[in-house]
Amino acid sequence: AHVTSSDGRRGFFPASDSQFDLGGPSIRWQNIYTGDLHLRNERGDYTLIEEPDFLSIRFNKNGKRYKFLVERVPELDER
């Protein structure tokens, strides 16, 4: 399913920029499935990118990429 906006774009768009929430503190979406995740507000502009073996984040204002450093926690692995 898709929604087509008044300017012909296909997707799911709010009526105005940065005015609506998707879910809330007590009524949340269970899971979100997405490609790369783009995050932007007045403080920053980032893209979270899933690489084959790690996650990276790109600071879109200067194009620099950073690798997330993570540590495996074996006791939390799903069995």
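Structure report, in brief.

Definitions and cut-offs
Residues numbered from 1 in each chain as written. Predicted model: local features only at pLDDT ≥ 70, side-chain atom pairs only at ≥ 80, totals over all residues. Heavy atoms only, no water. Pairing = 2+ DSSP bridges. Helix = DSSP H or I, 4+ residues; strand = E, 2+ residues; numbered from the N terminus. Axes fitted to C-alpha atoms, helices over the stretch in contact; angles between N-to-C directions. Buried < 20%, exposed > 50% of the residue type's maximum accessible area, 1.4 Å probe, protein only. Lys, Arg positive; Asp, Glu negative; His and termini not counted. Salt bridge = Lys/Arg side-chain N within 4 Å of Asp/Glu carboxyl O. Contact = heavy atoms within 4.5 Å.

### Quick word on the pairing of strand β5 (residues 55-59)
Phase 1 of the analysis: In this structure, strand β4 (residues 45-50) lies alongside β5, joined through five bridges in antiparallel fashion. Directly across from Leu48, in β5, lies its bridge partner Ile57.
Phase 2 of the analysis: Here β5 pairs with strand β6 (residues 64-67) via four bridges, running antiparallel. From the neighbouring strand, Ser56 faces β6, where its bridge partner is Lys67.
Phase 3 of the analysis: Between β5 and the antiparallel strand that follows it, β6, lie four residues; Gly63 among them carries a positive phi value of about 80°.

### Let's talk about the sheet that holds β5
Phase 1 of the analysis: Overall, antiparallel pairing links the four strands, which are arranged β3-β4-β5-β6 in an open sheet. Of all strands in the sheet, those with a lone pairing partner are β3 (37-40) and β6, marking the two edges. For this sheet the average axis-to-axis angle between neighbouring strands, irrespective of direction, equals 20°.

### Some thoughts on the side chain of Asp45
Phase 1 of the analysis: Among the structural elements, Asp45 can be located in strand β4.
Phase 2 of the analysis: One buried charged residue, Asp45, forms no salt bridge at all, with the nearest opposite charge on Arg40 at 4.9 Å.
Phase 3 of the analysis: Ignoring anything within four residues of it in the chain, the contact list for Asp45 reads Leu39, Arg40, Arg58, Phe59, Asn60 and Lys61.

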